[in-house]
Amino acid sequence: MRWRSTLWLVAAAAALFVAIWVGERHTLSTDELAASRPLLSSIVLREVESIQVQRTNSFILQVQRTNGAWAYVAPFSYPAEGVAVQSLLDMAGKLNRDFLVAEAAGAAAGENTNRFGLDAPLAVLTLVQGSHRAELHLGSRTLGGDQVYAQLVGSPGIYALPVALLDGLPESPHAWRQRTLRSWADFKFDRITVSNATRAFTVGFDRTNRAFVLQKPLQARADGQKIFHLIDQLRMAEVTRFVSDNPRVDLEPFGLQAPALELSLGIDTNDLFTVQFGGSPTNDTSQVYARLAEHSNVVLVARTLLDGLQLSHTDLRDTRLLTFNPAAVDSIEVRGAESFSLRREAAGSWTVQPGGATADAELMRDLLGTFHELRIAEFASDIVTDFSPYGLVKPDYQWILRGTVTNAVTGVTNDVLAQLDLGNVAGDKVNVRSARELSVYRIRLGDAQKLPDESWKLRDRRVWSFETNEVLRLTIEQSGRKVQLRRPADGNWTWTGGVVKPVEAFSTEETLHRLGQLKAAVWTARGVTNRAGLGFTEDGHKITLELSRGGKPETLTLEFGDKAPSHYPYASTLRPSRWSSGTRPPRTTRTRAPSSRELPGSLSFPWSCTSGSCAT
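### Some points on the sheet that holds strand S13 (residues 220-221)
Strands sit in the order S13-S12-S11-S10-S15-S16-S17-S18-S14 across an open sheet of nine strands; the sheet is antiparallel. Of all the strands in the sheet, just S13 and strand S14 (239-244) have a single pairing partner and so form its edges. Two elements, strand S12 (residues 211-216) and S13, share two bridges in a ladder whose sense is antiparallel. Within the sheet, the bridge partner assigned to Val-213 lies in S13 and is Arg-221. Helix H6 (residues 224-236) rests against strand S10 (191-195), strand S11 (200-206), S12 and strand S15 (261-267) of the sheet, and its axis sits at about 85° to S12.

### A short note on the packing of aromatic side chains
Going through the model one piece at a time under the given rule, you end up with 13 aromatic pairs. Ring centres of Trp-464 and Phe-466 lie 6.3 Å apart, and the angle between their planes is 45°; this geometry places the pair in the tilted category. Trp-464 sits in the buried class, given a relative accessible area of 1%. Feature note: the residues Trp-184, Phe-187, Phe-189 and Phe-273 constitute an aromatic cluster, connected by ring pairs.

### Quick notes on the environment of Thr-269
Structurally, Thr-269 is set in the loop between S15 and strand S16 (270-277). Distance from Thr-269 to Arg-191, taken between C-alpha atoms, is 8.6 Å for residues 78 residues apart in sequence.

### Considering the pattern of salt bridges
One pass over the structure, following the stated rule, counts 28 salt bridges. In this structure, Arg-320 and Asp-318 form a salt bridge, with 2.9 Å as the shortest nitrogen-oxygen distance. Its salt-bridge partner being Glu-362, residue Lys-519 comes within 4.0 Å of it at the nearest N-O pair. With Lys-519 in the loop between helix H10 (505-516) and strand S32 (522-526) and Glu-362 in helix H8 (residues 361-373), this pair connects stretches of sequence that are 157 residues apart. In this structure Lys-519 comes out as buried when scored by relative accessible area, which is 15%.

### Digging into the environment of Thr-202
Summarising the element assignment, Thr-202 is placed in strand S11. Classification of Thr-202 as buried rests on a relative accessible area of 8%. Sequence spacing of Thr-202 and Val-213 is eleven residues, and the spatial spacing of their C-alpha atoms is 8.7 Å. With near-sequence residues (within four places) excluded, Thr-202 lies in contact with Arg-191, Ile-192, Thr-193, Val-213, Leu-214, Gln-215 and Lys-216. Side-chain polar atoms of Thr-202 contact the side chain of Thr-193, separated by 3.2 Å.

The rules behind these values
- Residues numbered from 1 in each chain as written.
- Predicted model: local features only at pLDDT ≥ 70, side-chain atom pairs only at ≥ 80, totals over all residues.
- Heavy atoms only, no water.
- Pairing = 2+ DSSP bridges.
- Helix = DSSP H or I, 4+ residues; strand = E, 2+ residues; numbered from the N terminus.
- Contact = heavy atoms within 4.5 Å.
- Axes fitted to C-alpha atoms, helices over the stretch in contact; angles between N-to-C directions.
- Phe/Tyr/Trp six-rings, centres within 6.5 Å; stacked < 30°, edge-to-face > 60°.
- Buried < 20%, exposed > 50% of the residue type's maximum accessible area, 1.4 Å probe, protein only.
- Salt bridge = Lys/Arg side-chain N within 4 Å of Asp/Glu carboxyl O.
- Polar contact = N/O pair within 3.5 Å; in protein donor to acceptor, adjacent residues only side chain to side chain.

See the structure below:
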């Protein structure tokens, strides 16, 4: 055996194995070679701290990231539009080395850069991340126009990149400037002051009550919706053109020497943001000059912003007369010609006191809504020391809304949620006062007339309630004529109007069913007064029902008068004692009769509404 030859072969094999192990494991595979390689791999784009843009030989801008926000550092100091900057970084992150068009190394480097327009590049983009720097030169466009030649300083290759990169670079120093009047993110303020040559007002935010209040020229509630609308206008307003960044510019040509209006936002007495509005350019009255005090620069904004700020303090006053939560009301006290109260029971129903009669649930819901929606029609006087001229020393009517409040010190109390005093009538309005306020307001007379002044107007609107099989006889009278419907022992209805005839049972039973659940649309009057004025006559339209309840006879009568302005007919009845408390004077109601059916004898019988209830 030849050991020398064998050793040489073993040594050669070992050397070949080492070469393969060391060399091949660091060589890119075919798939890896085909994959895209980032062009700007030397920096982490999400951590870029500074961006500089140059076009041809002109410096355009430099922005810097500070505390997560972008701002100009040259050619001026100003907030930058973060979305625009991030859009460029996103585009830069997608650049790759896929289209290598030339090697720019050695003696041919100058020739290559000149051939691709890189000796005098159209733009230079510089990105800085810590100690790492990436400088990208953009040269001529390719023949197809959809790419641009580019070279990364420090890298020998010349690449074809998407032309969108060149088009996306700012062409002027103003391209990336923040267009909103300021950066509103995390900006906190609790005061708005607006002033011009003739008037001024200040609105603040009451943190205790979490509501806006007028602070100047008087203390009053402010309309939160209008304030939020004003704030939204400021947030959405944008600069249409940057005019001057010179803090010493002459303000007279812009109408800013004596501004038409000034707005300030701040906390307590500290102004955090101030903008002044001046005149318009001679060739465009839809724009106005504005000076942003934070940067001492002059810009143009849409005139609509100035027009929206031309307000007086009365424009921002809260026109709600009472502010309370209807669901929190447990009782209502009414003081006037009749004093009574309404109390919410555990089951959610309401009772009228004194007497304990049940109040109508729908009327109570509507009543709370009426109180909640009362609007001030006129601010009569803001600071009043003598309420007698307004009839409010001893108001004609007073409504007190109370709610149960749990207090750690005093325990459970019935706190006053709202109070309304009604005074003199002033034309088509009424003087009113809200609790604990020194102001006198006026509401519309029609709104005042909706408020309850007598307890019976709020009682349950059920006229009566009976079952169809309890009816023995139905008598209809009108203009001296009479028709009767009887239920004999066999249960088959007959009518008599000179001749006895059978009656179609289904329609009769349906009519009686609806009559048995009759409900008034509204209580109009009580007693026997003004019957003629409401159209009730001795030979008018009348229905009489004879019932048998538990073997005891009972008679119900319903009279009809004229139609009310609502087009519902007036009706009068004497409510049975089991459905009301105390005395039982005749009640005048407005019942709903949307359809009718002709009965024998040409007597028109009013149907109750299709739902079986006559409530509106």
